[in-house]
Amino acid sequence: EELLDLSMIESGQAIMRMVEVPVYEIVDDAIERVYDQSAAKELELVHDVPKTLLALCDRDKVRRVLTNLVHNAVKWSPPGETITIHAKDSADEVLVSVYDNGPGVPDDQTERIFERFYQVDASRSVSEGTGLGLAICKHIIEAHGGRIWAQGNSKGKGGRFYFTLPNADIRPE
């Protein structure tokens, strides 16, 4: 199913329903979807998202991106840690970030993790996955005209993932 979804998004056949969406609601939905997994590891999920911040996006597709990023943070975080989600107005974009305290991604692999089927190190994998989640995230965000990246992840400082969406308060001329 993920491979079919990725193919549809890559080919431009997936329809993006671009509407004004409160980012706060998408974040709450994503947190709710991973709550059971985070509770099982006694992880605290916190967010710093202004209730008035609006993105121009497809709510369901962006919720999928954020849920995937938060799920990965839950998967890699040691028990008892905190996962933080931020969102802020950044000129004509909305910048969303997900921080965790897991092992992070080595600097030399931050670009490759968004490739289909790529996994950092299968030997340290907590659970098996398809290797398509971050590739799907990348294509969804790019279909919105945004960017997605990982940075500052080396030296065991945890995962740091970012993506941008169009700011609903900025209208193209």
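Reference entry: report on the structure contained in this document. Every value quoted in this text rests on a predicted model; they were computed, and no experiment measured them.

1. Observations regarding the sheet that holds strand E5 (residues 93-99)
So, point 1. Across the sheet, which stays open at both edges, the five strands sit in the order E2-E4-E5-E7-E6 with mixed pairing between neighbours. Where the open sheet ends on each side, the last strands, each with one partner, are strand E2 (44-48) and strand E6 (148-150). Along the sheet, successive strands turn relative to each other by an average axial angle of 15°, direction set aside.
So, point 2. Pairing of strand E4 (residues 82-90) with E5, which is carried by seven bridges, proceeds in the antiparallel orientation. Bridging from a neighbouring strand, Ile-85 pairs with Val-98 of E5.
So, point 3. The strands that helix H2 (residues 23-33) touches are E2, E4 and E5; relative to E2, the one it contacts most, it runs at about 175°.
So, point 4. On top of the sheet, helix H5 (residues 133-143) reaches E6 and strand E7 (160-166); it is set at about 25° to E7, its chief contact.

2. Considering unusual backbone geometry
So, point 1. If you check the backbone angles, Glu-42 has positive phi at about 55° while not being a glycine.
So, point 2. Considering the arrangement of structural elements, one finds Glu-42 in the loop between helix H3 (35-40) and E2.
So, point 3. On the accessibility criterion, Glu-42 (64% relative accessible area) is exposed.
So, point 4. Residue Ala-91 is not a glycine yet carries a positive backbone phi of 65°.

3. Regarding the pattern of salt bridges
So, point 1. The full count for this structure, using the stated rule, is five salt bridges.
So, point 2. The salt bridge involving Arg-59 is made with Glu-25; its shortest N-O contact spans 2.9 Å. Placement of the pair is Arg-59 in helix H4 (residues 59-76) and Glu-25 in helix H2, with a sequence separation of 34 residues.
So, point 3. Assessed through its relative accessible area of 36%, Glu-25 is described here as partly exposed.
So, point 4. Put simply, Arg-63 and Asp-60 hold a salt bridge, and the shortest N to O gap is 2.6 Å. Pair noted here: Arg-63 and Asp-60 are both in helix H4, with a separation of three residues, about one helical turn.

4. Focus: the packing of aromatic side chains
So, point 1. What the rule picks out here adds up to three aromatic pairs.
So, point 2. Arranged with centres 5.9 Å apart and planes meeting at 70°, the rings of Tyr-99 and Tyr-162 form a pair that is edge-to-face. You can see Tyr-99 sitting in strand E5 and its partner Tyr-162 sitting in strand E7, a full 63 residues away along the chain.
So, point 3. Classification of Tyr-99 as partly exposed rests on a relative accessible area of 25%.
So, point 4. Look at Tyr-162 and you get buried, because its relative accessible area is 11%.
So, point 5. Both rings, one in Trp-149 and one in Tyr-162, keep their centres 5.4 Å apart while their planes meet at 15°; by these two values the pair is stacked.

Basis of the calculations
- Residues numbered from 1 in each chain as written.
- Predicted model: local features only at pLDDT ≥ 70, side-chain atom pairs only at ≥ 80, totals over all residues.
- Heavy atoms only, no water.
- Pairing = 2+ DSSP bridges.
- Helix = DSSP H or I, 4+ residues; strand = E, 2+ residues; numbered from the N terminus.
- Axes fitted to C-alpha atoms, helices over the stretch in contact; angles between N-to-C directions.
- Contact = heavy atoms within 4.5 Å.
- Buried < 20%, exposed > 50% of the residue type's maximum accessible area, 1.4 Å probe, protein only.
- Salt bridge = Lys/Arg side-chain N within 4 Å of Asp/Glu carboxyl O.
- Phe/Tyr/Trp six-rings, centres within 6.5 Å; stacked < 30°, edge-to-face > 60°.

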